[in-house]
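Each chain, letter by letter, is given below.
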Amino acid sequence: MSQEDWTIQDADDLYRVSGWGSGYFHINDAGQLAVRVPQAEEVSVPLVDLIEGMEARGHMMPVLLRVQNLLENQIRLINETFAKAIEDSNYRGVYRGVFPIKVNQQAQVVEDIVRFGEPYQHGLEAGSKAELMIALSMLKTPGPLIVCNGYKDREFVELGLGMLKLGFKVIFVIETPSELPIIVESSKAMGIKPIIGVRTKLFSHVSGHWNDTSGDRSMFGLNASQLVGVIDGLKAAGMLDCLQFLHYHLGSQIPNIRDIRTGVREACRYYVELVEEGAPMCYLDLGGGLAVDYDGSRSSAIHSRNYGLEEYCVDVVETIQSVLDEQGIEHPTIVTESGRATVAYSSILLFNILDQTGFSDAQLPPKRDDEPNRMLRNLYYSYDTLSEKTVQECFNDAVYFRDEARDSFMRGLLDLRTRSEVEQIFMVIMAEVRKIAERNPDALSEPEVLKTMLADIYYGNFSVFQSLPDAWAIDQVFPVSPLHRLAERPTRTTIIADMTCDSDGKIDRFPEQGEMSRVLPLHALKSDEEYYLGAFLVGAYQETLGDLHNLLGDTHVVSVYIDEDGSYEFVNEVEGDSVADVLSYVEYHPQHLLKNFRKTAEKAVRDGTISAAERQRLVGAFEAGLRGYTYYEQ
Ligand SMILES: *Cc1c(COP(=O)(O)O)cnc(C)c1O
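Residues numbered from 1 in each chain as written. Predicted model: local features only at pLDDT ≥ 70, side-chain atom pairs only at ≥ 80, totals over all residues. Heavy atoms only, no water.

## Observations regarding the overall build of the protein chain
Then, number 1: Across its full length, the protein chain holds 22 helices and 23 strands.
Then, number 2: A total of 634 residues make up the protein chain; the buried ones form 54% of that total.
Then, number 3: Taking the intrachain contacts of the protein chain between residues at least 6 apart in sequence as the baseline, contacts between residues at least 24 apart amount to 75%.
Then, number 4: In the structure as shown, the protein chain presents an accessible area of about 28100 Å², 50% of it carried by carbon and sulfur atoms.
Then, number 5: In the protein chain, 58 positive and 96 negative side-chain charges are present, and the distance between their average locations comes to 4 Å. (Helix = DSSP H or I, 4+ residues; strand = E, 2+ residues; numbered from the N terminus. Buried < 20%, exposed > 50% of the residue type's maximum accessible area, 1.4 Å probe, protein only. Contact = heavy atoms within 4.5 Å. Areas by Shrake-Rupley, 256 points an atom, 1.4 Å probe, with all protein chains shown as cover. Lys, Arg positive; Asp, Glu negative; His and termini not counted. Charge placed at Lys NZ, Arg CZ, Asp CG, Glu CD.)

Dropping the structure here:
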């Protein structure tokens, strides 16, 4: 267990970088976590170098880093892998991707997607009026697809129809029968023929976290009889020739390729039937679901996936081809709405550790020969007799006497100083117990419980609620790793808490050999050096879901583009929220706050409590506070 027999490979096994890193992230020989850009294989940039560059530009931690190359490459991969699968199987149709804006609505991200997607005519999916406005403002005409899902009112429909005339390729996907009359009436009134899609509710059920989106209980889409109603409605209006598009969405993060294949097969049956009904069908849209391997296990576990992009594309193309060829039906344009797999990789939350508490630093209080307190005497006895043989018993006793001491304190039978000594000895005993448990896990009946109970708490300079809301809301797993010192054996077992002081404000789900561990081994903090961590694959769904718990606001966001020679450019820097910003979000007016504070300070001057110069200093501090970052500033 010495430092000598620790290698970079051990660090990679522990933090599973090769597993989730998808070739984009690796540990270099200096023990730093580095990003590799696909544009130039041999180029690799340590994340701590980027942090140094950002801090030199005044962007202190925490920072959300966007590596644009990774987004560019994901879009390229999705399009080119589909193109290759299509070519290899002689499929007679093309692929057109669309990015669902809801997955990351940030202007910079959508702009990048549109720019990187242009060579492939990568389009956008809009689920609301606001998202449609984004799509219309970012895409060019005659452009890629704009797929409109979600409930559409008359205003939405009229806007979309007008844009169709302007040359945008807007597709209305009917989610519910009540949308049909609005679309029919508006298009007749405006004299514009819409492109209509239908969203079907598939019977196929998928495993994974989002499985409610699929199967009979799915909230969205038309069931078979509603679908017939829409077809008949279109026929009656003389508009069946507008129905060209079939859409379904089985849910996000589908870990099992078998479920994806079953879904495509069922959707193809609907497609065939729509063709038989006489609709001039030409698009089949599979929705999202392409998963990201967050835990690096390459399995069908919910935070993983048991397939790669190539297998996904080949399976989709071949399944559609085989079902439609049986019926002699033309191959449709294949559309997917991959959000998660497009944007997850490119964003990384970078933060530093501010402080720690734990058992590791406990000191034995000075011992008295004639200790009058029974609980202290018993704890010393446990400490003195602790060995590999007695560890379970000593552990049980220590917990018992510690609890008894707390109870006595409550009832006024124990003073503060004695209670403090009890806690100290208890911590020293626990630190010893942990050492024994590490040497010999069989010595204790529940080593896992102990591991969590005895973990050090490392306080990270970030908010789970703001930056990783899914880690809190749905127990989403995100890979977390130190960004440096990886050539060094980590000697602390930790839980990572955030700055909110909320009992839920922590990261405590780490994949470990096929199971979830609540603790993560990290390095001991050094007093003269920052310790930096990254939470990875956070580009999808996290940014807009984040909330203002404890009024910790948006972090700084920095985008970087790495060139082929390894040099890089900070292409975009967005200041995080200031204290004044977050206060105004909850309807305070910073100018009023300042005015009120000035009055209070002025009154103190009049009363003679402070001098005018002191007032100036205090008002200055208040103003600086309003301008400050909401996170811990060095
Ligand atoms: C959320 C959503 C998506 C995105 O799914 P991912 O799994 O992130 O690719 C696609 N289509 C629809 C209709 C959605 O609601």
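Now that the structure has been shown, we can carry on.
## Some words on the site of the ligand
Then, number 1: Around the ligand there are 17 residues in total, and K102, S252, E337, G339 and Y541 lie nearest to it.
Then, number 2: Considered on its own, the ligand offers 390 Å² of accessible surface; in the complex 92% of this is hidden by protein.
Then, number 3: Across the shell around the ligand, the residue classes tally to 3 nonpolar, 9 polar and 5 charged. (Near = heavy atom within 4 Å. Nonpolar A, V, L, I, M, F, W, Y, C, P; charged D, E, K, R; others polar.)

## Description of the sheet that holds strand 6 (residues 123-126)
Then, number 1: One closed barrel accounts for 8 strands, arranged 5-6-7-8-9-10-11-12; its pairing is parallel. Pairs of neighbouring strands in the sheet enclose a mean axial angle of 25 degrees, with direction left out of account.
Then, number 2: Pairing of strand 9 (residues 195-199) with strand 10 (residues 243-247) involves 4 bridges; the strand directions are parallel. In the strand pairing of strand 10, I196 is matched with L243. (Pairing = 2+ DSSP bridges. Axes fitted to C-alpha atoms, helices over the stretch in contact; angles between N-to-C directions.)

## With respect to the pattern of salt bridges
Then, number 1: Applying the stated rule across the entire model yields 33 salt bridges.
Then, number 2: Between E423 and R406 there is a salt bridge; the shortest N-O distance is 3.3 Å. Separated by 17 residues along the polypeptide, E423 in helix 15 (residues 416-439) and R406 in helix 14 (residues 391-410) bring together distant segments of the chain.
Then, number 3: Linked through salt bridges whose partners overlap, the residues forming this network are K129, D153 and E155. (Salt bridge = Lys/Arg side-chain N within 4 Å of Asp/Glu carboxyl O.)

## Some words on a negative patch on the surface
Then, number 1: On the surface, a cluster of negative charge is made up of E41, E42, D563, E564, D565 and E569.
Then, number 2: Tracing the backbone shows E564 in the loop between strand 22 (556-562) and strand 23 (568-574).
Then, number 3: In this structure E564 comes out as exposed when scored by relative accessible area, which is 58%. (Patch = residues over 30% accessible without salt bridge, like charges linked within 9 Å, V, L, I, M, F, W, Y side chains within 5 Å.)

## Quick word on the domain arrangement of the protein chain
Then, number 1: Per the domain assignment, the segments making up the protein chain are domain 1 (8-57), domain 2 (93-337), domain 3 (374-452) and domain 4 (580-627).
Then, number 2: For domain 1 and domain 2, the distance between their C-alpha centres works out to 36 Å.
Then, number 3: For the pair domain 1 and domain 2, the summed buried area comes to about 340 Å², and 34% of that belongs to carbon and sulfur atoms.
Then, number 4: Of all residues in domain 1, R16, G19 and W20 bury the most surface against domain 2, accounting for 85% of the area lost on that side.
Then, number 5: Connecting domain 1 to domain 2 are 0 salt bridges.
Then, number 6: At the surface where domain 1 touches domain 2, the tally comes to 2 residue pairs in polar contact (both at pLDDT 80 or more).
Then, number 7: Each residue belonging to the side of domain 1 that touches domain 2 can be placed in one class, and the counts come to 1 nonpolar, 2 polar and 1 charged. (Domains from an automatic or database assignment. Buried area = accessible area lost by both parts, 1.4 Å probe. Polar contact = N/O pair within 3.5 Å; in protein donor to acceptor, adjacent residues only side chain to side chain.)

## Details of the side chain of H122
Then, number 1: Here H122 lies in the loop between helix 5 (107-117) and strand 6.
Then, number 2: At a separation of 3.0 Å, a polar atom in the side chain of H122 contacts the side chain of N79.

## Considerations on the sheet that holds strand 2 (residues 33-36)
Then, number 1: Spatially, 3 strands are ordered 1-2-3 in an open sheet, and the strand pairing comes out antiparallel. Both edges of this open sheet fall to strand 1 (25-27) and strand 3 (44-46), since each of them pairs with a single strand only. In this sheet, neighbouring strand axes are inclined to one another by 35 degrees on average, regardless of whether the strands run parallel or antiparallel.
Then, number 2: Sheet analysis places strand 2 next to strand 3, joined by 3 bridges and oriented antiparallel. Residue pairing in the sheet places V35 in a bridge with V45 of strand 3.

## Looking at the state of the cysteines
Then, number 1: Counted under the stated rule, the structure contains 0 disulfides.
Then, number 2: Not engaged in a disulfide, the cysteine C282 finds its nearest cysteine sulfur in C242; these two sulfurs lie 12 Å apart.
Then, number 3: Relative accessible area serves as the criterion here: at 29%, C282 is assigned to the partly exposed category. (Disulfide = S-S within 2.5 Å.)

## A few points about the packing of aromatic side chains
Then, number 1: Per the stated rule, a full pass over the model turns up 16 aromatic pairs.
Then, number 2: Centroid distance F465 to W472: 5.1 Å. Interplanar angle 65 degrees. Geometry classified as edge-to-face.
Then, number 3: Residue class for F465 comes out buried when judged on its relative accessible area of 3%.
Then, number 4: By the ring-pair criterion, three or more aromatic residues cluster together here, those being F82, Y95, Y307 and Y312.
Then, number 5: Positioned above the aromatic ring of F116, the side-chain terminus of R115 is 4.7 Å from the ring centre.
Then, number 6: Between the NZ or CZ atom of R402 and the centre of the ring of F426, over which it lies, the distance is 4.3 Å. (Phe/Tyr/Trp six-rings, centres within 6.5 Å; stacked < 30°, edge-to-face > 60°. Lys NZ or Arg CZ within 6 Å of the ring centre and 35° of its normal.)

## What about the nonpolar core?
Then, number 1: Counting 155 residues, the largest nonpolar core has F25, L65, L468 and I496 as its most contacted members.
Then, number 2: In terms of domain composition, this core takes at least three residues from each of domain 1 (8-57) and domain 2 (93-337).
Then, number 3: Sequence-distant contacts of F25, that is, excluding residues within four places in its chain, are made with V17, W20, L33, A34, V35, L70, Y345, I348 and F536.
Then, number 4: Within the second largest apolar cluster, 27 residues are counted, among which are L376, L414, V433 and I436. (Core = buried A, V, L, I, M, F, W, Y, C linked by side-chain atoms within 4.5 Å.)

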